[in-house]
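A structural walkthrough
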Amino acid sequence: MKNLKKRWYILMILCTIVALFIMTAYNYEAFKKSIQENAIDVGCSSISNISSRLDAYLSQRIEVVHTTADTIEFMMESGIAEAEIENYLVFVTEHYQEDIDENFTGIYGLFNGTYLDGAGWIPEEGYDPRTRDWYRAAAEAGGNTALVSPYVDAQTGDVMISFSELLNDGESVVSLDIKLDHIQEMTETIALGDAGYGFVVDSDGMVVAHRDSALKGEEFYAPDHVMYEVLQGAYESEHSHFTAEIEGEKYVVFTDTLMGGWKAVMLVEEEALFHEARYALMRNLLVSAGISVLIIL
């Protein structure tokens, strides 16, 4: 009789241990999934927030070009002389630099076949505005404000960008150049707490801004580049996050699309992203194990 009770007792203990193990394993997986999903949500929210700020900055500059284009169209239709139009370009260039954004470098364009520049730049002999990217982009946009591909200024090393718009006559174009210093400053804030870093690339994979400013102007979207897999995922993935391996390290990549097909990208090491989650899981596991031991005792 005693042996039978003993066997039943041992069986109950084993069943209790198995049940507690299953319950603990289930809770562990559920808690782990919940914490990881929360970390991913925070990352997606972070990159979405910075993308909204970058888009707002670019949109404001587009509005400046559009407003300037409307004014010049009115002046041209009113028969105002080219000298007066040039004076207006000088005025708005100085105004925008002082009151709106010091990164404005000048408003210029081709008006009634004559190149005029608000910053006072005089083109070299043989200069043809119609062959320039800012003019061609405006012509292709057909009256919408065009976001011209960034370029690196040969003299200053600054990454520049142009916004240009075709006027109603179908030939004249107004354009605005700005340095991307403010976008660089915003890009340097891309991170998840103390983890990760970010960069912005244009639709062709050229680095517009990066935490490491020395990488500005570099082409990331090249098959032999270490960032090729990241850029490929950013351009082709239907999701706002994915995983990638860079030089042996696993990263979670968060990405969002800006106007003009630009991409804002944030990379966070997988270990760092789920660091707090692992500690929380271990605490949960130890508590569950402690409770199990107490129940068995």
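Up top you'll find the structure we're talking about.
The present account deals with the structure reproduced in this document. (Residues numbered from 1 in each chain as written. Predicted model: local features only at pLDDT ≥ 70, side-chain atom pairs only at ≥ 80, totals over all residues. Heavy atoms only, no water.)

**Notes on the sheet that holds strand 3 (residues 146-152)**
Selection criterion: A strand pair is defined by DSSP finding two or more bridges across the two strands. Where helices and strands are cited, they refer to DSSP runs of H or I of at least four residues and of E of at least two residues respectively, numbered from the N terminus. Under this scheme, a helix contributes an axis fitted over its contacting stretch, all axes are lines through C-alpha atoms, and angles between N-to-C directions fall in the 0 to 180 degree range. By definition in these notes, contact holds between two residues if any of their heavy atoms fall within 4.5 Å.
Within the open sheet, the five strands sit side by side as 2-1-5-4-3. Their pairing is antiparallel. In this open sheet, the two strands that pair with only one neighbour each are strand 2 (114-117) and strand 3. Each strand axis lies, on average, 20° off the axis of its neighbour in the sheet, ignoring direction. Pairing analysis gives six bridges linking strand 1 (residues 104-111) to strand 5 (residues 173-179), with the strands arranged antiparallel. Bridge assignment links Phe104 to a residue of strand 5, and that residue is Ile178. Strands in contact with helix 2 (residues 82-99) are strand 1 and strand 2; relative to strand 1, the strand with the most contacts, it is inclined by about 160°. The strands touched by helix 3 (residues 133-141) within the sheet are strand 1, strand 2, strand 3, strand 4 (159-166) and strand 5, with strand 4 carrying the most contacts at an inclination of about 40°.

**Focus on the sheet that holds strand 9 (residues 249-257)**
Strand order in this open sheet of five strands is 7-6-10-9-8, and the pairing throughout is antiparallel. What marks the edges here is a single partner per strand, and that holds for strand 7 (207-210) and strand 8 (241-246). Averaged over all pairs of adjacent strands, the angle between strand axes in this sheet comes to 30°, irrespective of strand direction. Pairing geometry for strand 6 (residues 197-201) and strand 7, over three bridges, is antiparallel.

**Let's talk about the environment of Gly118**
Threshold: Burial status follows relative accessibility: with a 1.4 Å probe on protein chains alone, a residue under 20% of its type maximum counts as buried, one over 50% as exposed, and anything between as partly exposed.
Here Gly118 is to be found in the loop between strand 2 and helix 3. Residue Gly118 is classed as buried on the basis of its relative accessible area, which comes to 7%. Here the alpha-carbon distance between Gly118 and Leu176, two residues 58 residues apart in the chain, equals 9.7 Å.

**So, the pattern of salt bridges**
In plain terms, the rule: Throughout this description, the term salt bridge denotes a Lys or Arg side-chain nitrogen within 4 Å of a carboxyl oxygen of Asp or Glu.
By the definition in use, this model includes three salt bridges. Across the pair Glu124 and Arg132 runs a salt bridge, and its minimum N-O distance is 3.9 Å. With a relative accessible area of 45%, Glu124 lands in the partly exposed category. In this structure, the salt-bridge partner of Lys179 is Asp181, at a minimum N-O distance of 4.0 Å. Taking relative accessible area as the criterion, Lys179 reaches 23% and is therefore assigned partly exposed.

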